[in-house]
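What follows is the residue order along each chain.
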Amino acid sequence: MTIKLKLLAAAATAALLAGPATAQMFGDEYGTDYDYDTFNTGFGETGYYDALDTDDDTFLNESEYSTGLYADYDRDNDRVISEEEFGLGTERYLGADYESDFATYDADEDGFLDQEEFGEFYGADYTDHYAGLDTDGDELLSEDEYTTGIYDSADLDDDQVVTIEEEGWFEGWFDGDDIEAEIQEVGEVY
Ligand SMILES: [Ca+2]
Ligand SMILES: [Ca+2]
Ligand SMILES: [Ca+2]
Ligand SMILES: [Ca+2]
């Protein structure tokens, strides 16, 4: 094992010991149970939304939104979506009961969805979801519309509080990845 691999292994162990998304998702000052305003402030400070808004007009159009979705589905950052990633991402956004068939979209049958294949999936399965987030119907997501959508998805029991258990919904989100670089590499999806 090289020094670098040893360091990586040590870091991986430390990450495991730290457990899943913790109370420190946005830092100590935010406490553990988030009402929407607290969540909105903490989420805004992560810079995540700004990274998705690649044309800097303060809104997400459907192209920006779908690219962000792809980056989020791609948990291991290899820029393709495995069947496991497909299942996890779909459950996260569309719910555990949502049914969609991976094989239908894997047109070249290589076991992964690339951007074009994911774009087909997005067009079939996500345009209604996007319209649901766009509460004022202007075909753009404002930061508030986007953040509300995430908050409502994470608030599994709909009690308007995201508890420390529900923070598990965010596993893998704020893991230090350079989301801006990720978004650029993913490029156009839909
Ligand atoms: Ca934009
Ligand atoms: Ca992947
Ligand atoms: Ca494929
Ligand atoms: Ca809107």
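Residues numbered from 1 in each chain as written. Chains lettered and ligands numbered in written order. Predicted model: local features only at pLDDT ≥ 70, side-chain atom pairs only at ≥ 80, totals over all residues.

## Structural notes on the overall build of the protein
Stated formally: A run of H or I in DSSP counts as a helix once it spans at least four residues, and a run of E counts as a strand once it spans at least two, with each numbered from the N terminus. What counts as a contact is two residues whose backbone-derived C-beta atoms lie within 7 Å of each other.
Each helix and strand in the protein was counted, giving 10 helices and 2 strands. Shown N-terminal to C-terminal, the secondary structure of the protein runs as helices and strands in the order α-α-α-α-β-α-α-β-α-α-α-α. A sequence separation of at least 24 residues applies to 66% of the contacts in the protein between residues at least 6 apart.

## A look at the confidence of the model for the protein
Selection criterion: In predicted models, pLDDT denotes the confidence assigned by the predictor to each residue on a 0 to 100 scale.
Averaged over the protein, the pLDDT score is 87; the fraction of residues at 70 or greater is 86%. Every residue in residues 10-23 scores below 50 in pLDDT, and together they form 8 contacts with partners more than four places removed in sequence or on other chains.

## Observations concerning the environment of Arg-75
Defined as follows: Counting other C-beta atoms within 10 Å of a residue's C-beta gives its exposure: the residue is buried at 20 or more, exposed at 12 or fewer, and partly exposed in between, where C-beta atoms are placed from the backbone.
Within the secondary structure, Arg-75 is located in the loop between α4 (62-73) and β1 (81-82). On the basis of neighbour count, Arg-75 is assigned to the partly exposed category, with 18 C-beta atoms found within 10 Å. Separated by 98 residues in sequence, Arg-75 and Trp-173 have C-alpha atoms that sit 8.7 Å apart. Apart from the residues within four sequence positions on either side, Arg-75 is in contact with Glu-85, Leu-88 and Gly-172.

## Overview of unusual backbone geometry
In this structure, Arg-79 is a non-glycine residue whose phi angle is positive, near 70°. Of note, Arg-79 is situated in the loop between α4 and β1. Taking the C-beta count within 10 Å as the criterion, Arg-79 has 15 such neighbours and is therefore assigned partly exposed. At Gln-160, a position not held by glycine, the phi torsion is positive, near 65°. As for its position among the elements, Gln-160 is in the loop between α9 (143-154) and α10 (179-186). Here Gln-160 falls in the exposed class, since 11 other C-beta atoms lie within 10 Å of it.

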